[in-house]
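# Geometric and topological summary
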Amino acid sequence: MKHSFSITRSTNPKQKPNPDKLVFGETFTDHMFIMDYSKDKGWHDGRIVPYGPISLEPAAAVFQYAIEMFEGMKAYRTDTGKVQLFRPDMNIKRTNNTNDRICVPRIDPDLMLDAIKAIVDFDRDWIPDRPGTSLYIRPFIIADEPYLGVHPAKHFLFIIILSPVGSYYGVGGGSNQLPATKIYVEDKYARTAVGGTGAAKIGANYVISLKAQEEAAEKGYDQVLWLDSAEKKYVQEIGTSNAFFVINNEVITAPLDDGTILPGITRDSCLALLRKWGIPCSERPLTIEAVYQAAEDGTLNEVFASGTAAVISPVGEICWKGKKIPVKTGPIAQRLYDELTGIQTGKIPDTMGWTVEVEKI
Ligand SMILES: *Cc1c(COP(=O)(O)O)cnc(C)c1O
């Protein structure tokens, strides 16, 4: 490791949660990583400190104008006790792309990787080892500078917190049977538009999705399928995951070119695996009407969502404008799930060069 960080050890370590009852993102480890940014010093003073409240001025720009970005990745414990990350270079690249979009200074990729490795290594005892479990890593940046003028900030905090997690959908780690979700096609609210921030991983994209999610949940649906905001015609993303549709044995996902889709690392990994396996796949616009037509024709094979938290999540039902269609859960989602989690946890050899070990220091 090129960078070294100061360490303040927690004086009252917490009880580790029951690994069979982990709920996504509700418990945090004993420590966190913090680093400051100022105009004159750049990113500096990286440090490991006890996890706990931080003190900010009420005028901090993060509170006033939501100057905030985040990342999501995981550390996995392998059968041989090694700890590994999955494609951290992609999260770091995406961090800097997001930062560019919201006027946050870039972070040196080596510095960010060293910070992630340092905090994961320090709290490595928190990484659960049951099947389906992992340590969720949440790096984020906030503007902590106090001012009310609307302009880019000049002082920031970069923080990494860690949370041991089971399965995202709360079905308990260990089950290999993927639960099918019910999806509500959102045709009133919009999440992102061309020229907007859909490709940036920022909290602001999430707060504007809550209402749609809440209304879908009231109707008994697990997630929202977002359509493009201009025409409400093309499928985009499922909740906070990328969306895949298998029609007539072709795997289709929305293209990244108009900047409305979050470039998921799981999405990219699925495409890479599908191409390796010789399964036809395309990144192209797909209308919700074509999905319904395929369901009617009997050519809608599978629908699933992809993301770090849930990995692969098959869809069992779609509702659009009051019309419900059942979707069969199928072999492609299952194969992707098995391969991805196999590589991540070291059960399947990583021929793609995707895993990075967190060495014990
Ligand atoms: C994070 C995220 C995804 C999934 O990205 P991964 O890198 O696969 O975890 C998809 N859509 C949105 C809106 C996201 O924020």
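Quick summary incoming for the structure in this document. (Residues numbered from 1 in each chain as written. Predicted model: local features only at pLDDT ≥ 70, side-chain atom pairs only at ≥ 80, totals over all residues. Heavy atoms only, no water.)

Of the regular secondary structure elements, the protein chain holds eight helices and 18 strands. Its C-alpha radius of gyration of 21 Å places the protein chain within 12% of the 21 Å reference for a compact globule of 361 residues. Projected onto the principal axes, the alpha-carbon positions of the protein chain cover approximately 60 × 50 × 35 Å. Within the span of the protein chain, comprising 361 residues, buried residues form 53% of the whole. Within the protein chain, contacts between residues separated by at least 24 positions form 70% of all contacts whose residues are at least 6 apart in sequence. Summed over all atoms, the accessible surface of the protein chain reaches about 16,200 Å², with 51% contributed by carbon and sulfur. Taking the 40 positively charged and 45 negatively charged side chains of the protein chain as two groups, their mean positions are separated by 1 Å. (Helix = DSSP H or I, 4+ residues; strand = E, 2+ residues; numbered from the N terminus. Rg over C-alpha atoms; globule rule 2.2 N^0.38 Å. Buried < 20%, exposed > 50% of the residue type's maximum accessible area, 1.4 Å probe, protein only. Contact = heavy atoms within 4.5 Å. Areas by Shrake-Rupley, 256 points an atom, 1.4 Å probe, with all protein chains shown as cover. Lys, Arg positive; Asp, Glu negative; His and termini not counted. Charge placed at Lys NZ, Arg CZ, Asp CG, Glu CD.)

For the rest of this paragraph, the subject is the pairing of strand S2 (residues 31-38). When you tally the buried positions in S2, you get eight out of eight residues, the bulk of the element. The alternating pattern of S2 places His31, Phe33, Met35 and Tyr37 and Met32, Ile34, Asp36 and Ser38 on opposite faces, both of which are buried. Two strands pair when backbone bridges link them, and S2 and strand S3 (residues 42-50) are joined in this way by seven bridges, in the antiparallel orientation. Considered in S3, the bridge of Asp36 is made with His44. The hairpin turn running from S2 into S3, its antiparallel successor, is three residues long. Sheet analysis places S2 next to strand S8 (residues 155-165), joined by six bridges and oriented antiparallel. Each bridged residue has a counterpart across the sheet, and for Tyr37 the counterpart in S8 is Phe156. (Pairing = 2+ DSSP bridges.)

On to the site of the ligand. Inspection of the region around the ligand gives 14 residues, with Lys201, Tyr206, Glu237, Thr266 and Thr308 positioned closest. Within the side chain of Glu237, one N or O atom sits 2.5 Å away from a nitrogen atom of the ligand. Interatomic distance of 2.7 Å between a backbone N/O atom of Ile265 and an oxygen atom of the ligand. Expressed as a share of its isolated accessible area of 380 Å², the protein-covered part of the ligand is 96%. Of all the elements in the fold, those that place two or more residues in the shell around the ligand are strand S12 (241-247) and helix H6 (265-277). Per-class residue counts for the shell around the ligand are three nonpolar, seven polar and four charged. (Near = heavy atom within 4 Å. Polar contact = N/O pair within 3.5 Å; in protein donor to acceptor, adjacent residues only side chain to side chain. Nonpolar A, V, L, I, M, F, W, Y, C, P; charged D, E, K, R; others polar.)

A word on the pairing of strand S10 (residues 223-227). For S10, the buried fraction is high: five of the five residues fall into the buried class. In this sheet, S10 lies alongside strand S9 (residues 181-186) in parallel orientation, the contact comprising four bridges. The residue of S10 that forms the bridge with Tyr184 is Val224. Judged from the two bridges that link them, S10 and strand S11 (residues 235-238) form a sheet pairing that is antiparallel. When the bridges of S11 are listed, Leu225 appears paired with Ile238.

Within the element layout of this structure, Thr345 appears in the loop between helix H8 (331-344) and strand S18 (355-357). Side-chain polar atoms of Thr345 contact the backbone oxygen of Thr341, separated by 2.7 Å. Not counting residues within four places of it along the chain, the set of residues in contact with Thr345 comprises Tyr76, Arg77, Thr78, Asp79 and Gln84.

Two elements in contact, helix H2 (residues 88-101) and helix H3 (residues 109-122), have axes separated by 10 Å at closest approach and are oriented at 125°. When the axes of H2 and H3 are compared, the pair comes out oblique. As for how H2 packs across H3, the hand of that crossing is right-handed. Facing H2, whose interface residues are Pro88, Ile92, Thr95 and Asn96, H3 presents Pro109, Met112, Leu113 and Ile116. Classifying every residue of the contact of H2 with H3 gives six nonpolar, two polar and no charged. (Axes fitted to C-alpha atoms, helices over the stretch in contact; angles between N-to-C directions. Parallel < 35°, antiparallel > 145°, perpendicular 65-115°, else oblique. Left-handed = near helix turned anticlockwise from the far one by under 90°.)

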